[in-house]
Amino acid sequence: MHYLDPSTGRSYPLDEARWRANNGHYLNLAPGPGLTRRDIEPGRRSVWRYARALAVGVEHAVSLGEGWTPLVDGRWHDAPVRYKLEFMMPTGSFKDRGMTVMVSYLRSRGVTRVLEDSSGNAGASLSAYAAAAGLTCRILVPETASYPKIAQIAAGGAEVVTIKGSRQDVAEAALRQSAEMFYASHNWQPFFVEGTKTLAYELWEQSGFRAPDNVVVPLGYGSNVLGADRGFAELSRAGEIARRPRLFGVQAAHCAPYEAAFRAGVETLGPVEVRPTVAEGIATPRPTRGPEVLRAVRESGGSVVAVEEAEIVQALRDLARRGLYVEPTAAAAAAGLTRLLASGVIRPQEDTVSCSPAPGSRPPPPSASSSSSPPSNPLPW
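This structure is a prediction, so every number in the text was calculated from the model and none was measured.

A word on the pattern of salt bridges
Side chains carrying opposite charge are able to pair once their charged atoms draw close together.
Phase 1 of the analysis: Scanning the model with the defined rule gives 24 salt bridges in all.
Phase 2 of the analysis: Between arginine 97 and glutamate 86 there is a salt bridge whose closest N-O contact spans 2.6 Å. Of this pair, arginine 97 sits in helix α1 (residues 95-108) while glutamate 86 sits in the loop between β5 (79-85) and α1, and the two are 11 residues apart along the sequence. Side by side, arginine 97 and glutamate 86 carry an identical accessibility label, which is buried.
Phase 3 of the analysis: Across the salt bridge formed by arginine 263 and glutamate 259, the nearest N and O atoms sit 2.9 Å from each other. A residue pair is termed a helical-turn pair when its members lie 3 or 4 positions apart in one helix, as arginine 263 and glutamate 259 do in helix α8 (residues 257-264) at 4 residues.
Phase 4 of the analysis: Several salt bridges converge on common partners, so that one network encompasses Lys84, Glu86, Arg97 and Glu202.

The following block contains the structure:
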């Protein structure tokens, strides 16, 4: 295994922790061999049950019991659907899948201080895993980030630094500060996607060692799409599945660069209008790995859809009435599924999984004002 710069084909050894290539481009990991069902370690109730497929040794694992989340049968608009409850994680979001693997790798390579930028969930996750690993941690957040998220980040002992401006301004501030601390960005460091690929392994195992027909996820930076694509590709190469599922990414229409590029049939993301959205967790105008996310969706036979604010809020209400209290970001996936079912792109007789990556949380205070802050009273119960 090695790092690979997709822009040049140059490889770098894994001995030295990196988050980008010498030319500044993001890095991937070379394709992994995958595993067979015989390689699963059933005694481990975490993502590390798939340790033989991960590019970091289990002896280095920094684990809080993440993964192996419930896959619950249900219905959505008279169609059967299975809900993958990713919010049943130690810090409450799917980010723990990537963090356990990324932090384990970084600590094994001697990294002692880590930096991240986040609107909430990723920062909370890195803070927790850095604490478990004994690493010093600094998290940059928008000044409009919700107080409960800031409190959760700070509880792990991380230094929390608020940045004025948009979510993109926060990311750019982190890039500048990366000269003084290792930039453990879940959007740049490829070991994060190495962890999120375990979503595919779990869906395969929990489905009786077969792949579902469709996987629907909220789409911001795209680590769930990339992880699912990597994981199912490995299972295919290992001969464990005959076909890979279609991947569907759902964006908020108020910030939908992937949807615009997908609809236009282009391979790169362009500038888009950004307006306030309740789904702030996926309000990402310039994601890092745009071409790769688009390629993963297209090659799977899936698509990217954008949903309006009213659709997200309606899905939020409908999920809650089913006992699933999630963030508006997570509800976006269900709103997208509504559209996909109505258009016939997804049919009721297909096996469809909708991922809920994070639980419900209190919105930012009404006094906060920013291009990425949600409107007041977004939860009309």
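Moving on from the coordinates now.
Some points on the sheet that holds strand β1 (residues 3-4)
Phase 1 of the analysis: Strand order in this open sheet of 3 strands is β2-β1-β3, and the pairing throughout is antiparallel. Every interior strand has two partners, whereas the edge strands, β2 (11-12) and β3 (28-29), have only one.
Phase 2 of the analysis: Judged from the 2 bridges that link them, β1 and β3 form a sheet pairing that is antiparallel. From the neighbouring strand, tyrosine 3 faces β3, where its bridge partner is leucine 29.

Some points on the pairing of strand β13 (residues 352-356)
Phase 1 of the analysis: The buried count for β13 comes to 5 of 5 residues, which makes it a mostly enclosed element.
Phase 2 of the analysis: Residues Thr352, Ser354 and Ser356 line one face of β13 and the alternating positions Val353 and Cys355 line the opposite face, and both faces are buried.
Phase 3 of the analysis: Taken together, the 4 bridges between β5 and β13 define a ladder with parallel strand orientation. Bridging from a neighbouring strand, lysine 84 pairs with cysteine 355 of β13.
Phase 4 of the analysis: As defined by bridge partners, strand β10 (residues 214-218) adjoins β13 across 3 bridges and the pair is classed as parallel. Residue pairing for β13: valine 216 is matched across the bridge by serine 354.

The rules we used
- All residue numbers refer to positions counted from 1 along the written sequence of the respective chain.
- pLDDT decides what is reported in this predicted model: residues at 70 or higher carry local features, side-chain atom pairs at 80 or more are listed and counted, and totals for whole chains, interfaces and linings draw on all residues regardless.
- For side-chain calculations, the full set of non-hydrogen atoms in the structure is used, while hydrogens and water are omitted.
- Any Lys or Arg side-chain nitrogen located within 4 Å of an Asp or Glu carboxyl oxygen qualifies as a salt bridge.
- Where helices and strands are cited, they refer to DSSP runs of H or I of at least four residues and of E of at least two residues respectively, numbered from the N terminus.
- Categorising residues by exposure relies on relative accessible area from a 1.4 Å probe, with only protein chains included: less than 20% of the type maximum marks a residue as buried, more than 50% marks it as exposed, and the intermediate range marks it as partly exposed.
- Paired strands are those between which DSSP finds at least two bridges.

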